[in-house]
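This is what each chain is made of:
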Amino acid sequence: MGCLSSKEGNTFNEKQVGVGESEHITGLTKKQRFLLKGSWKGVSRDLESTGVLWLVEVFTTHPPTRQCFTQFSHLALDGELQECQEFREMAEKVMERMDNALFSIEDPETMKSILMETGAYHRRVEGFRLDMFKHAEEPLLNAIKHTLDERYTQQMEVIYKVIVQFMIQTMMEGFSDGL
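Residues numbered from 1 in each chain as written. Predicted model: local features only at pLDDT ≥ 70, side-chain atom pairs only at ≥ 80, totals over all residues. Heavy atoms only, no water.

Q: So what about the packing of helix α6 (residues 85-103) against helix α9 (residues 154-177)? Which residues, and what values?
A: The geometry of α6 relative to α9 is characterised by a closest axis approach of 12 Å and an angle of 110 degrees between their N-to-C directions. Classified by the angle their axes make, α6 and α9 are roughly perpendicular. Seen from above, α6 lies across α9 with right-handed handedness. Between α6 and α9, the contacting residues are M98, A101 and L102 on the first element and I163, M167 and M171 on the second. Here the contact of α6 with α9 is built from residues that sort into 6 nonpolar, no polar and no charged. (Axes fitted to C-alpha atoms, helices over the stretch in contact; angles between N-to-C directions. Helix = DSSP H or I, 4+ residues; strand = E, 2+ residues; numbered from the N terminus. Parallel < 35°, antiparallel > 145°, perpendicular 65-115°, else oblique. Left-handed = near helix turned anticlockwise from the far one by under 90°. Contact = heavy atoms within 4.5 Å. Nonpolar A, V, L, I, M, F, W, Y, C, P; charged D, E, K, R; others polar.)

See below:
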């Protein structure tokens, strides 16, 4: 009888682990987070270029966002902006925040805090609106896809869509809450 009870206890614990796993704040499983961390290294090695691609696409597809960054609004989108050192540094800083958040994926409170602070920071950007975060989602996925090239598989596409949506949503919460 003792053995049966122990066996039932193990089954219960395995079920509990499964339930807890599906409750990670990102919505990603442990395996998906593992794959993401490995894949993200390719992006992490090229934060500046990825950030430049991302923000240029945001500014191109959603001009009102560009108008919030007056120091860059006079620069041509087809080369001049990409060559601007100040723009490149800003793009890299934004990507470093994403990098720090993803580095903390196994510490959900830290990850969420980084993203909330990033969202709250955007309240200081004159004219920046909550909906502008959503306009950044697809361009960010496109920049990641470009950076990773053939390493951006269908499986990774699903994972990146989930994590980018989580990150954007959390930054929107930080913007709304204003910390």
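What follows picks up the thread again.
Q: Summarise the packing of aromatic side chains; cite the residues concerned and give the values.
A: Summed over all chains, the structure comprises 8 aromatic pairs. Relative to Y160, the ring of Y152 has its centre 5.8 Å away and its plane inclined at 20 degrees; by these criteria the two rings are stacked. The same class applies to Y152 as to Y160, namely buried. (Phe/Tyr/Trp six-rings, centres within 6.5 Å; stacked < 30°, edge-to-face > 60°. Buried < 20%, exposed > 50% of the residue type's maximum accessible area, 1.4 Å probe, protein only.)

Q: How would you sum up α9? Please name residues and give values.
A: Across its 24 residues, α9 extends 35 Å between first and last C-alpha, which sits within 8% of the 34 Å expected from 1.5 Å per residue. At the C-terminal side of α9, G178 shows a positive phi close to 70 degrees. (Expected span 1.5 Å × (residues − 1).)

Q: Describe the packing of helix α7 (residues 108-121) against α9, with residues and values.
A: Angle between the axes and distance between the axes are the two parameters that describe a pair of packed helices. Axis separation between α7 and α9 bottoms out at 6 Å; the angle between their running directions is 55 degrees. Here α7 lies oblique to α9, going by the angle between them. With respect to the hand of their crossing, α7 and α9 are arranged in right-handed fashion. Of the residues in α9, those touching α7 at M111, K112, L115, M116, T118, G119 and A120 are I163, F166, M167, T170, M171, E173, G174, F175 and D177. Here the contact of α7 with α9 is built from residues that sort into 9 nonpolar, 4 polar and 3 charged.

Q: Which residues make up the side chain of R88, and what are the values?
A: Checked against the element boundaries, R88 lands in helix α6. The exposure class assigned to R88 is buried, which follows from its relative accessible area of 18%. One polar contact links R88 to E48, side chain to side chain, over a distance of 2.5 Å. With sequence-adjacent residues up to four places away left out, R88 is seen in contact with E48, S49, V52 and Q82. (Polar contact = N/O pair within 3.5 Å; in protein donor to acceptor, adjacent residues only side chain to side chain.)

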